[in-house]
Amino acid sequence: MKRTSVLAKMSIACALGLAVAACGSSGPSSNGQGGGSLVFAEFNPFSGPDAAFGPEMLVACDAASNAINAAGGVLGHKTTCKGFDTHGDPADAVAAANQMIATTSNLAGVIGPSSDEALATVPILDRAHIPMFADTGQAAFDHATQKFFWRISPADDVKGFAMAIWAHSLGYTRGAAVYGNDVGSQSNVPTLVHAFTALGGTMVSNQSIALDQPSYRTEVASMLAAHPQVIFTEEDPATAATYLSEVAQLNGGKLIPVVGTETTLEANWVQAVVRAVGGSLLKKYQVGVQPYAPPSGPAYGPFRSALYASKAASQSNLAVYSTDPYAMGYWDSVNLMALAMIAAKSTDPAKYNSFITAVSNPGPGKVVVSTFAAGAHALAAGKQIQYVGASGPAVFNKWHNSTGAFEVAGYVSAGNIHLDGVVTAAQIAAISGK
Amino acid sequence: MSVFWSSLGFGVVTASILAIAAVGFTLQFGATNIFNLAYGDTMTAAAFVGYLVTRAHLGLWAAMLAGGAFGGIFSVVLNRAVYAPFIRRGTRLFGMIIVSIAVSLILSNGLQAIWGANFYSLAITPGRSLRFGPFIMTTVQLVIIAIAIAIMLAVHLLLRHTRLGRAMRATANNATLARNCGIRTDLVIDMVWLLSGILCGIGGVALVANITSFDFGTGGQFIVLILTAAVLGGVGQPYGAMIGALVIGLATEVSAAIFSPEYKELTAFAILVVILLIRPLGILSEVAQQKEVVVA
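None of the values given here were measured: they were computed from a predicted structure.

Here we look at the overall build of chain A
Thinking step 1. Of regular secondary structure, chain A possesses 18 helices and 16 strands.
Thinking step 2. At 22 Å, chain A has a C-alpha radius of gyration in line with the 22 Å of a compact globule built from 434 residues.
Thinking step 3. Projecting the C-alpha coordinates of chain A onto the three principal axes gives extents of approximately 75 × 65 × 40 Å.
Thinking step 4. Relative to its 434 residues, chain A shows a buried fraction of 60%.
Thinking step 5. Taking all contacts inside chain A whose residues are at least 6 apart in sequence as the whole, residues at least 24 apart take part in 71%.
Thinking step 6. Accessible surface computed for chain A: about 15000 Å², of which carbon and sulfur atoms make up 58%.
Thinking step 7. Of the charged side chains in chain A, 23 are positive and 28 negative; the average position of the first set lies 6 Å away from that of the second.

Here it is in structure tokens:
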């Protein structure tokens, strides 16, 4: 009897723990609709070091889903969004992917996975014939062979070229590469070093740093001793906050110009670093390179309005999401999948997958549309369409990758960035040969 | 060469934070034999208490006091409400590890539910950077070192020169014998949880004061280093934890200077593995064979 009681208590404790953990592992669904609704899954970290990824994705999907439903839905179906927490860990993500596929009978498409779990889970989703709009930047997918894999954002290795080109344009010849030792961050480094060197620069320090340590003062001292003119960087928000605050402490209260990846313009990164070093230092010294998606044009207004209509995020986060190319990309991914379903006259993922390029890529006689509603209307009228969304044209190559120009932007205040310049696709092609 | 010498100074800062936390962890384990893996998350919760205090413009000292008070009270309640009932009903050592993992998950996800996946900083300035030869430290870091030294001395005095300290050591050695000798082991255990919780709370505030930006998972990530320091020094041995913290703190920083920053954690684990190889019984086998959890 006693044993039963102990076991029962242990079970309760474990169940409580797992239940609370499950708040993240099977995240909240939007719209409150289940049943016959088509589900767009946000397959990304909602917990762990990259816990900020999932909520942004869910909010952008929620906005797109609401707009789709307001326009009448997809072939008579309403849509909804549901988060699945990968914990940013490949092992956890495999279990989450299998659970998602097994338990979501009306799964229409996936946004994600991220670099944290893409290598482990893309094959699983592909085998299940689920179209996925991955937000991984890994170069391993530059020539993806998976039929159901799509990437609307540029690969990380391309970003390295853009960062080097920008630093070179400012006359910097001594660079320090400070990247987290995670797969996603490290995938930027080879092309960055290659391009910066090819442009006549020298990478005087190349640090691959362990994440979330209590101190980086030794690393900072070592980096400063090499006297770089610019720091190239990507790491998680907590690591960046500690590292950069220690740069300021050991460098007389000043930073060194920082050229970061798009991670350094994301809401949580900015929040963490601003709180560590102050907004004025960040504003003065840091820029981030991200896919070019100007917050303007016919597709941007509907995106922004729908985003702000979402109740799932704070106003300050919405302000940052509204200028984040990745949030725009998530919105566009949902719209592209929904329009492909209409073009295919089927919500079956295995069938509509091959119609994605039919609604995204340019072609003779195609009508350019900037919203789901306009696209659905044009398709209903028997026209062919090219959807050009908030993140710009998505022109997929034969490996289902879409790459464009990059913008260089700096922090102004929460949700506000200033555009410093653009690195064109032609500039990148000139040095990368891609 | 100057980076090497600087790294020694930086290592002392890391070691100080680690020592506060590791001594608390090992004090509690030494007396109760509960491997409390929720310790790191308790540090985070205390850090949030410290955050609220600094937001009220009460400064770092008040934040440490509040964080310590929270950590102490929370730990006593945690033991009384969760751990002790399990032990009374016969849950053994490894079962308690699972219970503590469940508590850790509840705490971590509870903190995420309350504070969100956002980052916070104590509303304090790190102060001026001061140079002592090759060493550079901020005033906040000097405060952390001073607090760590004071705590280590206080723990030494407590254990060696007070009745409570002797009772704690007696309970840690053999709880049944101590009880038969008239020691109120239930009160001693409460005091151990209180003291270790206070150190946990102060450690949490010190940690986030040093790293400047934290979220709901910060303490949970730090637990690995705490365990490494505690095991290295001989788990359950407060003096060992102090030495362990110093070795791990210095080794991680110096390795970043000599080898690569990428190998900081690897260095800590390598030291742990070497120690466990030299002492073949290791932490878990020793515990499993010779000790059991203690509630009163």
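What about the state of the cysteines?
Residues and elements named next belong to chain A.
Thinking step 1. The final tally for this structure, using the stated rule, is one disulfide over all chains.
Thinking step 2. Disulfide partner of Cys61: Cys81, at an S-S distance of 2.0 Å. Taking the sign of the S-S torsion, -85 degrees for the link of Cys61 and Cys81, the bridge is left-handed. Residue Cys61 is found in helix 2 (residues 53–70), and its partner Cys81 is found in strand 3 (residues 79–85); the two are separated by 20 residues along the sequence.
Thinking step 3. A relative accessible area of 0% places Cys81 in the buried class.

As for the side chain of Thr136(A)
Thinking step 1. Here Thr136(A) lies in the loop between strand 5 (132–134) and strand 6 (149–151).
Thinking step 2. In this structure Thr136(A) touches Pro113(A), Ser114(A), Ser115(A), Ala118(A), Phe141(A), Phe149(A) and Arg151(A), once residues within four positions along its chain are discounted.

Brief notes about the packing of helix 2 (residues 39–55) of chain B against helix 4 (residues 93–115) of chain B
Angle between the axes and distance between the axes: these two values describe a pair of packed helices.
Residues and elements named next belong to chain B.
Thinking step 1. Look at helix 2 against helix 4: their axes get within 9 Å of each other, and the N-to-C directions meet at 30 degrees. Accordingly, the angle class assigned to the pair helix 2 and helix 4 is roughly parallel. Contact with helix 2, carried on its side by Asp41, Thr42, Thr44, Ala45, Phe48, Tyr51 and Leu52, involves Ser104, Leu107, Ser108, Leu111 and Trp115 of helix 4 and no other residues of that element.
Thinking step 2. Looking at side-chain class alone, the contact of helix 2 with helix 4 contains seven nonpolar, four polar and one charged residues.

As for the interface of chain A and chain B
Much of the literature gives interface size as the accessible area that the parts lose upon coming together.
Thinking step 1. Opposite the 48 residues of chain A that make contact, chain B presents 47 residues.
Thinking step 2. Taking both partners together, chain A and chain B bury about 3800 Å²; carbon and sulfur atoms supply 61% of that area.
Thinking step 3. Together, Pro214(A), Arg217(A) and Thr218(A) form the three largest contributors to the area buried by chain A at its contact with chain B, with a combined 17%.
Thinking step 4. Inspection of the region where chain A meets chain B yields one salt bridge.
Thinking step 5. Glu219(A) is the salt-bridge partner of Lys264(B), the closest N and O atoms lying 3.0 Å from each other.
Thinking step 6. Inspection of the region where chain A meets chain B yields 16 residue pairs in polar contact (both at pLDDT 80 or more).
Thinking step 7. If you list the elements that add at least two residues to the side of chain A that touches chain B, you get helix 1 (2–25), strand 8 (202–209), helix 8 (217–225), helix 9 (237–250) and helix 10 (267–277) of chain A.

Comments concerning the packing of aromatic side chains
Thinking step 1. In the structure shown here, the tally under the stated rule is 22 aromatic pairs over all chains.
Thinking step 2. Taking 4.8 Å as the distance between ring centres and 15 degrees as the angle between the ring planes, the aromatic pair formed by Phe141(A) and Phe149(A) counts as stacked.
Thinking step 3. For Phe141(A), a relative accessible area of 5% gives the class buried.
Thinking step 4. Between Tyr83(B) and Trp193(B), the aromatic rings sit 5.6 Å apart at their centres with planes inclined by 40 degrees, giving tilted as the arrangement. On the criterion of sequence distance, the pair formed by Tyr83(B) in helix 3 (residues 59–88) and Trp193(B) in helix 8 (residues 185–211) is long-range, its members being 110 residues apart.
Thinking step 5. We classify Tyr83(B) as buried; its relative accessible area is 0%.

Analysis parameters
Residues numbered from 1 in each chain as written. Chains lettered and ligands numbered in written order. Predicted model: local features only at pLDDT ≥ 70, side-chain atom pairs only at ≥ 80, totals over all residues. Heavy atoms only, no water. Helix = DSSP H or I, 4+ residues; strand = E, 2+ residues; numbered from the N terminus. Rg over C-alpha atoms; globule rule 2.2 N^0.38 Å. Buried < 20%, exposed > 50% of the residue type's maximum accessible area, 1.4 Å probe, protein only. Contact = heavy atoms within 4.5 Å. Areas by Shrake-Rupley, 256 points an atom, 1.4 Å probe, with all protein chains shown as cover. Lys, Arg positive; Asp, Glu negative; His and termini not counted. Charge placed at Lys NZ, Arg CZ, Asp CG, Glu CD. Disulfide = S-S within 2.5 Å. Axes fitted to C-alpha atoms, helices over the stretch in contact; angles between N-to-C directions. Parallel < 35°, antiparallel > 145°, perpendicular 65-115°, else oblique. Nonpolar A, V, L, I, M, F, W, Y, C, P; charged D, E, K, R; others polar. Buried area = accessible area lost by both parts, 1.4 Å probe. Salt bridge = Lys/Arg side-chain N within 4 Å of Asp/Glu carboxyl O. Polar contact = N/O pair within 3.5 Å; in protein donor to acceptor, adjacent residues only side chain to side chain. Phe/Tyr/Trp six-rings, centres within 6.5 Å; stacked < 30°, edge-to-face > 60°.

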